[in-house]
Amino acid sequence: MTTPRTLFEKIWERHTVQVRPDGATLLHVARHLVHDGSRAGFQALTERGLPVRHPERTFGTPDHYVSTASHDLAAITEPYRREMVTALTANAREHGVTLFDLGDRRQGIVHVIGPEQGITQPGLLMVCGDSHTATHGALGALAFGIGASEVSHVLATQTLWQTRPKSMRVAVEGQLGAWVTPKDVILAIIARIGAAGGTGHVIEYAGSAFRAMSMEGRLTVCNMSIEAGARAGMVAPDETTYAYLRGRPYAPQGPMWDRALAFWRGLPSDPGAVFDREVTLSGADIAPMVTWGTSPEDAAPITGDVPDPARAPTAERREAMARALAYMGLEPGTAIAAIPVDRVFIGSCTNSRIEDLRSAAAIARGRKALVPAMVVAGSGLVKAQAEAEGLHTVFLEAGFEWREPGCSMCVGMNGDLVAAGEHCASTSNRNFVGRQGRGARTHLLSPAMAAAAAITGRMTDVRQLMAGAA
Amino acid sequence: MRKFETLEAVAAPLDMANTDTDQIIPARFLWRPRSEGYGHLLFNDLRTNQDGSPKPGFVLDRPACKDAGILVGDRNFGCGSSREHAVWALMDAGIGVVIAPSFGDIFFNNSFKNGLLPIVLPEARCAELRAALARNPGARLVVDLQAQTVTGPAGVNDGFGTDHFDVDPFRKQLLLSGLDDISFTLSQQDLIAAFEAKFAAEMPWL
Ligand code: SF4
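The shown structure was predicted, so the numbers you read here are calculated from the model rather than taken from an experiment.

**Some points on the domain arrangement of chain A**
For an interface, size is often stated in terms of accessible area lost upon the parts coming together. Residue and element names in this part refer to chain A. Segmentation of chain A into domains returns domain 1 (7-278) and domain 2 (289-466). Contacts between the two partners involve 43 residues from domain 1 and, on the opposite side, 49 residues from domain 2. Buried area between domain 1 and domain 2, summed over both chains or domains, comes out near 3,600 Å², and the portion from carbon and sulfur atoms is 60%. In terms of surface lost to domain 2, no three residues of domain 1 exceed T68, W179 and E216, which account for 21% of the buried area on that side. Summed over the shared surface of domain 1 and domain 2, the number is 1 salt bridge. With a closest N to O distance of 2.7 Å, R430 and E227 form a salt bridge. The tally of links between domain 1 and domain 2 comes to 29 residue pairs in polar contact (both at pLDDT 80 or more). Where the side of domain 1 that touches domain 2 is concerned, the elements lending two or more residues are α4 (110-117), α6 (182-193) and α8 (215-223).

**Details of the pattern of salt bridges**
Residue and element names in this part refer to chain A. Taken as a whole and judged by the stated rule, the model has 36 salt bridges over all chains. Of the charged contacts, one joins E13 and R164 as a salt bridge, the two residues approaching to 3.8 Å between their closest N and O atoms. With E13 in helix α1 (residues 7-14) and R164 in the loop between β8 (159-162) and β9 (166-173), this residue pair connects regions lying 151 residues apart in the sequence. For R20, the salt bridge is made with D22, and the minimal N-O distance between the two is 2.8 Å. In this structure R20 comes out as buried when scored by relative accessible area, which is 13%. Each of R5, E9, E13 and R164 takes part in a single network of salt bridges with overlapping partners.

**A few points about helix α5 (residues 148-157) of chain A**
Since the α-helix advances by 3.6 residues per turn, residues separated by three or four positions end up pointing in the same direction. Residue and element names in this part refer to chain A. With 9 of 10 residues buried, α5 lies mostly within the body of the structure. Where α5 is concerned, the buried positions are A148, E150, V151, S152, H153, V154, L155, A156 and T157. Looking one or two places after α5, you find Q158, whose phi comes out positive at around 60°.

**Quick word on the interface of chain A and chain B**
Listed per partner, the contact involves 69 residues of chain A and 62 residues of chain B. Taken together, both faces of the contact between chain A and chain B bury some 5,300 Å²; the carbon and sulfur share is 56%. Here chain A is connected to chain B by 6 salt bridges. Across the pair R438 of chain A and D45 of chain B runs a salt bridge whose closest N-O atoms are separated by 3.6 Å. For the pair chain A and chain B, the number of links is 24 residue pairs in polar contact (both at pLDDT 80 or more). Contributions of two or more residues to the side of chain A that touches chain B are made by β1 (16-19), β2 (25-28), α2 (39-48), α3 (79-95), α5, β8, α10 (254-264) and α11 (315-328) of chain A. Per-element accounting of the side of chain A that touches chain B gives the leading share, 7 residues, to α5 of chain A.

**Thoughts on the nonpolar core**
Counting residues in hydrophobic clusters, the biggest one holds 96 residues, and the most contacted among them are L142, I189, Y205, F210 and W264 of chain A. The dominant element in this core, judged by the number of residues it contributes, is α6 of chain A, at 7 residues. By size, the runner-up hydrophobic cluster in this structure holds 67 residues, among which are F4, A68, A132 and A139 of chain B.

**A look at the site of the ligand**
Residues and elements named next belong to chain A. The local shell around the ligand consists of H64, H111, D130, H132, S348, C349, C407, C410, V411, N429 and R435. The site holding the ligand turns out to be the largest cavity. Of the residues belonging to the shell around the ligand, the class tally is 4 nonpolar, 5 polar and 2 charged. Lining the shell around the ligand are residues from two domains, each supplying at least three of them: domain 1 (7-278) and domain 2 (289-466).

**Here's the deal with the environment of R311 of chain A**
Position of R311 of chain A among the secondary structure elements: in the loop between β14 (299-301) and α11. Expressed as a C-alpha distance, the spacing of R311 of chain A and L155 of chain A, which sit 156 residues apart in the sequence, is 50 Å.

**Comments concerning the packing of aromatic side chains**
Taken as a whole, this structure holds 21 aromatic pairs over all chains when the rule is applied. Centre to centre, the rings of W161 of chain A and F170 of chain B are 4.6 Å apart; their planes meet at 50°, and the pair counts as tilted. With one member in each of two chains, W161 of chain A in strand β8 and F170 of chain B in helix α6 (residues 169-177) form a pair that bridges those chains. Here W161 of chain A and F170 of chain B have matching classes, each one buried. Pairing F395 of chain A with F400 of chain A gives two aromatic rings, centres 5.5 Å apart and planes at 50°, and the pair type is tilted. Look at F400 of chain A and you get buried, because its relative accessible area is 2%.

**A few points about the pairing of strand β18 (residues 423-426) of chain A**
Residues and elements named next belong to chain A. Neither face of β18 is left uncovered, since the one carrying H423 and A425 and the one carrying C424 and S426 both have all their residues buried. Relative to β18, strand β15 (residues 343-346) is paired through 3 bridges, and the arrangement is parallel. Across the sheet, F345 pairs through a bridge with S426, a residue of β18. Sheet topology note: the β18/strand β19 (residues 441-444) ladder contains 4 bridges and is parallel. In the sheet register, C424 faces β19, and the bridge partner there is T442.

**Focus: the sheet that holds strand β12 (residues 277-282) of chain A**
The pairing of strands in a sheet happens through backbone hydrogen bonds and is either parallel or antiparallel. All names here are of chain A. Here 4 strands make up an open sheet; going across it, the order is β11-β10-β9-β12 and the pairing parallel. Two strands lie at the open edges of the sheet, namely β11 (232-235) and β12, each paired on one side alone. Each strand of the sheet is rotated relative to its neighbour by a mean of 20°, with strand direction disregarded. The sheet contact formed by strand β10 (residues 201-206) and β11 spans 4 bridges and is parallel. From the neighbouring strand, V202 faces β11, where its bridge partner is A232. Along the sheet, α1 makes contact with β10 and β11, crossing β11 at roughly 115°. Sheet strands in contact with α6 are β9, β10 and β12, and its direction is about 125° off that of β12.

**A few points about the layout of surface pockets**
Of the volumes computed, that of the largest pocket is approximately 860 Å³. In terms of lining residues, the largest pocket is bounded by 40 residues, among which R323 and V433 of chain A together with M16, Q23 and L46 of chain B are the most central. Broken down by element, the lining of the largest pocket gets its largest block of residues, 8 residues, from α11 of chain A. Counted by class, the lining of the largest pocket contains 18 nonpolar, 10 polar and 12 charged residues.

**Side note on the packing of α6 of chain A against α8 of chain A**
Residue and element names in this part refer to chain A. Interaxial distance between α6 and α8 falls to 8 Å at its minimum, and their mutual angle equals 25°. The angle between the axes of α6 and α8 places the two elements in the roughly parallel class. Relative to α8, the crossing made by α6 is right-handed. In this structure, α6 contributes P182, K183 and I186 to the contact, and α8 contributes G217, T220 and V221. Of the residues in the contact of α6 with α8, the class split is 3 nonpolar, 2 polar and 1 charged.

Criteria and thresholds
- Residues numbered from 1 in each chain as written.
- Chains lettered and ligands numbered in written order.
- Predicted model: local features only at pLDDT ≥ 70, side-chain atom pairs only at ≥ 80, totals over all residues.
- Heavy atoms only, no water.
- Domains from an automatic or database assignment.
- Contact = heavy atoms within 4.5 Å.
- Buried area = accessible area lost by both parts, 1.4 Å probe.
- Salt bridge = Lys/Arg side-chain N within 4 Å of Asp/Glu carboxyl O.
- Polar contact = N/O pair within 3.5 Å; in protein donor to acceptor, adjacent residues only side chain to side chain.
- Helix = DSSP H or I, 4+ residues; strand = E, 2+ residues; numbered from the N terminus.
- Buried < 20%, exposed > 50% of the residue type's maximum accessible area, 1.4 Å probe, protein only.
- Core = buried A, V, L, I, M, F, W, Y, C linked by side-chain atoms within 4.5 Å.
- Near = heavy atom within 4 Å.
- 1 Å grid on protein atoms, 1.4 Å probe; cavity = no way out; pocket = protein on both sides within 12 Å on 5 of 7 lines; lining within 4 Å.
- Sits in = over half its atoms within 2 Å of the grid points.
- Nonpolar A, V, L, I, M, F, W, Y, C, P; charged D, E, K, R; others polar.
- Phe/Tyr/Trp six-rings, centres within 6.5 Å; stacked < 30°, edge-to-face > 60°.
- Pairing = 2+ DSSP bridges.
- Axes fitted to C-alpha atoms, helices over the stretch in contact; angles between N-to-C directions.
- Points joined across faces, edges and corners; volume = space filled by probe spheres on them.
- Parallel < 35°, antiparallel > 145°, perpendicular 65-115°, else oblique.
- Left-handed = near helix turned anticlockwise from the far one by under 90°.

This is the structure in structure tokens:
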């Protein structure tokens, strides 16, 4: 009998080219994603005169620096931003890399289009020079972010040196309540294990809540694995995964589909497989979550209060909390639902897929936003789908802006910024100091909760808002 | 890649858990070419006001720590975005070693690629070192990669001493030799080509 293995171990072993006696492992990269922030990675390659080893395994799209007002290149008015986008076009052309460029309906945030195009598949080791690459683990891939030097290494050799991470199983059992979304699940997980809770680990999300979750929901959860410090996050492939993938442009077709499917069915962790760490949460206990501080671990249920640093377990934590509250302009003991909201952002690789937009539109429908609110679809195809369903009309009638796809206000590299001192209810993944602009106060939450905040101008329990409507 | 053997330098304490890469270098500077250098942008928003005027008090701006080459931080240093600019900013500002209880994984990997040595010491020990550095501003530590030790200033006890650290042997070898891993990996061409042939046969749908 063979030793039971985890999903992670199966993928890791299949991609292992070499293990040195000292433990360093050379891994083959099955698919590599690049974006307009990958310029430095290409540059190092050019300086050494090296070709891209496998351009057919490399896919790119501009997302960080693109304008969300228009996808005309001319709409990027600052030359330095435009150059980041045009450098990607030039590099892709020079090296023969597949590119979903501005003007292509398939362009979008790199972590949205990988799954959407079927580039992301179960059992593959995938990397991208971006920390949210764990997103792709939702399909049962082992996917993680790398730095610019590693991007060069992958471009040149299609491999990567890694030390083997540990494994962690995070199970959420039971049913989620009404309006409790995958975003709330991952915020609850991070609040439980901490922003460094997964450091050095690959997390496998499991349990009945994940089995019942849609592919898009799983993408949202895996996306924020890095916010728990984890190297990667993954969900075992199942019928939901296969149904999602079937027919996508880069997914296997015809007889190859059946061959791939047979392989995929062998991927889930074997019964009895051992994880280095296991954590279990009850799905029924999770409420809609909102962050009050400057780390994703600073999350509380909408029914809760801003915590008091005086009650922190350690002096270090007390100081960190006090610093966070001073930055956020919040007093301990304030009800989360009393936090004012000046601006709303619905988008980012965490929450810009069609289900996210449907969920936000369900709240916005027939209501009016009290504060500026922006909706940025994750890709041209998501945008087109939303428009086909009339969601854009719902948003526009409610006073929300309807923008072109890109990273946008998640990180503000394209100029979509939150002003200093403003509280922004954001469906993105990081509430770091200055992330959305200098002095910006970011509160992470779900698309439904963000839309509810836009309607009332303060943090709002979407369950109450919708109960009132019923 | 820069070679790393030993470093004797002023160490600065940074009492800040979860020091994310957005704070080490804000996103709005990332488009700048590597050749321009990032040292002057290190921790920009913690050291300057919005109008560009200096914001006093940051540890690296105190006279005793101005020339620091070592940072002693807190848990989860370098978490967040994959931007290698965070490592470049530290190195361009003269920091060659960061000591912390834990690191963001990508930052940790990026450091080795550039010749910056990230050292993991236990949480309590990092706190002791930061306290010792606060009591002895400008104190110099000696980091010896071959011996895998961090040693306090000679003749000063006061919380310093000699600490051993672990380091991955392959990475240690690359750092000590200054050898770039792309060249090393390219020397394994045959192995990679053989692997790829097997992989393609197993997964013909890719
Ligand atoms: S949406 Fe935000 S987190 Fe996602 S890739 Fe873009 S900048 Fe990074």
